[in-house]
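Coordinate inspection notes
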Amino acid sequence: MFTAFISWDPNPVIIDLFGFPIRWYGFFFAMAFLAGFRVVNYMFKQEGRSTEQADQLLMYTMVATIVGARAGHYFFYEFPLLQADPLRFFIQMITPPFSGLASHGASIGLFIAFYLYSRKNPGMSYLYITDRIVPAVALGGFFIRMGNLMNSEIIGKPTELPWGFKFLRDTEFNPYSDPNLVLARHPSQLYEALSCLLIFAALMWFWSKKKKDTQEGLMTGYFMIVLFTLRFFYEFLKENQSAFENDLTLNMGQILSIPAVLFGVIVLAYSHRKA
């Protein structure tokens, strides 16, 4: 039986400049911050806030994302290494290249950073800040997942759907690097990227209608619930990132998504009560 599929074989390096490779993932990672800054700066301007406040928030966001995502990957997905060799665990975590990043770790880092930022800017409440940042985070998620797609990483499980991707550069699930053995798989990165883009559009539409009249916490609550509920179900279509997850009923991404959704429910309930 003939099965349609998409052969996916992009070079993860855009160009090599004097021995320094410029990679798609790095490009999309930079675009995530640049686009996010433009979104927050636009929202702040529309609400009469200064560009300096947006600049400061960008710095908090950049540091929290990188540190949180890196630490999250190691504590969530490399925990067996911590138990076996703690010194090697911490050395690898802080040694470039930083190939392992976890979105749940980035989320934790960001919420800590926003608390610190709100302490520095008493005119803005914690939930006011998170409400203005979640559209930028959603847009950033789109770019990050597109980077994963160009890297042929975080791939999905085999599928016979016509939009299945054959990741020809994948060596983790095709160790022999034989194109004839490559299975068509769910493009899980694309699923998440498009979902993030739709969430971004919905949040910006909602904010444009409400602006300062938005209930504090409303956008944050809905963002956490929708994003991580989708993430929970997308994980059923993805290959596990670490071997120890094969013995778990739910993989690590799903386990971490549950408290994220509950956090969103709590924020939403608090928002409605305060309103």
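Values in this document were obtained by computation on a predicted structure and should not be read as measured data.

**Some thoughts on the packing of helix α8 (residues 218-234) against helix α9 (residues 252-274)**
One can describe the packing of α8 onto α9 by two numbers: an axis separation of 8 Å at closest approach and a directional angle of 155°. With respect to their mutual orientation, α8 and α9 come out roughly antiparallel. The handedness of the crossing between α8 and α9 comes out as left-handed. Partitioned by chemical class, the residues of the contact of α8 with α9 number 13 nonpolar, nine polar and one charged.

**Considerations on the packing of helix α5 (residues 103-120) against helix α6 (residues 126-150)**
Two numbers describe how α5 lies on α6: the axes approach to 11 Å, and their chain directions differ by 150°. Taken together, the axes of α5 and α6 lie roughly antiparallel to each other. The chirality of how α5 crosses α6 is right-handed. Two secondary-structure elements touch here, α5 through Ser103, Leu110, Phe111, Phe114, Tyr115, Tyr117 and Ser118 and α6 through Tyr126, Ile129, Thr130, Ile133, Val137 and Arg145.

**Considering the UniProt feature "binding site: a 1,2-diacyl-sn-glycero-3-phospho-(1'-sn-glycerol)" (unreviewed entry) in the protein**
If you check UniProt for "binding site: a 1,2-diacyl-sn-glycero-3-phospho-(1'-sn-glycerol)" (unreviewed entry), the listed places come out as Arg145 in our numbering. With respect to the helices and strands, Arg145 occurs in helix α6.

**Focus: the UniProt feature "transmembrane region" (unreviewed entry) in the protein**
Following the UniProt record, the feature "transmembrane region" (unreviewed entry) maps to residues 24-44, 56-77, 97-118, 125-144, 190-207, 219-237 and 249-270 here. Annotation note: span residues 56-77, helix share 100%, strand share 0%, distance between end C-alpha atoms 31 Å.

**Focus on the sheet that holds strand β4 (residues 165-167)**
A sheet is described by the order of its strands in space; here three strands give the open sequence β1-β4-β5, paired in mixed fashion. On the outer flanks of this sheet lie β1 (6-8) and β5 (184-185), each paired with one strand and no other. Where β4 lies against β5, two bridges are found, and the strand directions are antiparallel. Bridging from a neighbouring strand, Lys166 pairs with Ala184 of β5.

Cut-offs and rules
- Residues numbered from 1 in each chain as written.
- Predicted model: local features only at pLDDT ≥ 70, side-chain atom pairs only at ≥ 80, totals over all residues.
- Heavy atoms only, no water.
- Axes fitted to C-alpha atoms, helices over the stretch in contact; angles between N-to-C directions.
- Helix = DSSP H or I, 4+ residues; strand = E, 2+ residues; numbered from the N terminus.
- Parallel < 35°, antiparallel > 145°, perpendicular 65-115°, else oblique.
- Left-handed = near helix turned anticlockwise from the far one by under 90°.
- Nonpolar A, V, L, I, M, F, W, Y, C, P; charged D, E, K, R; others polar.
- Contact = heavy atoms within 4.5 Å.
- UniProt positions renumbered as here; feature names shortened; annotations may be inferred.
- Pairing = 2+ DSSP bridges.

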